[in-house]
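Coordinates in review
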Amino acid sequence: MTDTATRYLYLARHGEASADETTLTESGRRQAVLLGERLQSTPLSAIYHGPLPRAQQTAQLISAQLDTVPLHQSELVGDYIPYLPTKEDLPPDSADAMLGFLAQFPEEERDGGPLAREALAKFTGPVDGDRPRHELVVTHNFLIGWLIRAALDAPEWRWMGLNHSNAALTVIRYAPDKPASVLFYNDMRHLPAELRWTGFPPELHI
């Protein structure tokens with residue numbers, strides 16, 4: 001029988017991006033550096049990031065604050081819709097608005113189901129061996145919501161409505177023989193007030 005150990009999955013949304021999303025803003029770069037500094041005492045074994053510039057640059061800036069943590073690019077943690085619900089999946093009072101929101105996205109971003117299932121297989125659950133593993137995934141809002149809803153055994157459509165600030169931090173614990181546990185979500189304590197809540201609609205700032 002193979003031993004298994006606890007996985008700690010750290011999730012971060014990329015830093016604030018420019019209007020055309022080709023690079024980080026100055027605020028986005030500061031956010032990434034501060035997140036890297038916060039993680040300096042964390043025993044990370046790897047950093048995974050999506051292929052888009054805003055995720056790649058964020059991961060590189062985080063990595064620059066750490067010692068010898070390898071970077072890995074993966075399309076599994078790219079920007080895509082992880083599950084496309086039908087109207088029947090959704091609460092009747094909000095179904096039309098939610099489907100209208102999803103309809104804004106190009107077709108290539110709406111077919112992310114296979115990638116989302118692969119991401120679950122690769123990044124969740126306990127790990128082989130007898131030592132805990134700590135991994136950071138630098139990704140996008142939708143995938144973070146997808147992984148959180150899976151940890152909570154929520155319906156597949158429930159990735160919607162879970163928003164994540166730029167360079168905030170979420171940690172999920174996967175221990176052997178126990179349900180997944182969201183240790184904290186959308187934590188921004190490493191960011192000064194002026195760098196918090198970016199990536200959120202103004203009405204959601206608190």
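We now turn to the structure provided with this report. (Residues numbered from 1 in each chain as written. Predicted model: local features only at pLDDT ≥ 70, side-chain atom pairs only at ≥ 80, totals over all residues. Heavy atoms only, no water.)

Quick look at the pairing of strand S6 (residues 133–139)
Quick note on the threshold: Any residue under 20% of the maximum accessible area for its type is buried, any over 50% is exposed, and the rest in between are partly exposed; the area is computed with a 1.4 Å probe on protein chains only. Labels follow the DSSP assignment, with helices taken as runs of H or I lasting at least four residues and strands as runs of E lasting at least two, numbered in each case from the N terminus. When DSSP finds two or more bridges between two strands, those strands count as paired.
Buried residues dominate S6, accounting for six of its seven residues. Where strand S3 (residues 46–49) meets S6, four bridges bridge the pair, whose relative direction is parallel. Paired with His-49 across the two strands is Val-138, which belongs to S6.

Examining the packing of aromatic side chains
Under the convention used in this document: Any Phe, Tyr or Trp ring, taking Trp's six-membered ring, that has another such ring centre within 6.5 Å forms a pair; planes under 30 degrees apart are called stacked, those over 60 apart edge-to-face, and the others tilted. When the NZ atom of lysine or the CZ atom of arginine is within 6 Å of a ring's centre and also within 35 degrees of its normal, the charge is said to sit over that ring.
One pass over the full model with this rule turns up six aromatic pairs. Relative to Phe-123, the ring of Tyr-48 lies with its centre 5.0 Å away and its plane at 75 degrees, an arrangement referred to as edge-to-face. One end of the pair, Tyr-48, is in strand S3; the other, Phe-123, is in helix H5 (residues 113–123), with 75 residues separating them in the sequence. For Tyr-48, a relative accessible area of 13% gives the class buried. A residue is classified by how much of its surface remains accessible, and Phe-123, at 1% relative accessible area, is buried. Where Phe-101 meets Phe-142, the ring centres are 6.2 Å apart and the plane angle is 75 degrees; that geometry is what we call edge-to-face. You can see Phe-101 sitting in helix H3 (residues 95–102) and its partner Phe-142 sitting in helix H6 (residues 141–151), a full 41 residues away along the chain. Overall, the relative accessible area of 35% leaves Phe-101 in the partly exposed class. Judged by relative accessible area, which is 12%, Phe-142 ranks as buried. Among the aromatic residues, ring-to-ring pairing joins Phe-101, Phe-105, Phe-142 and Trp-159 into one connected group. Cation over ring: Arg-149 sits above Trp-146, and NZ or CZ is 4.2 Å from the ring centre.

No statement about biological role is implied by the geometric values presented.
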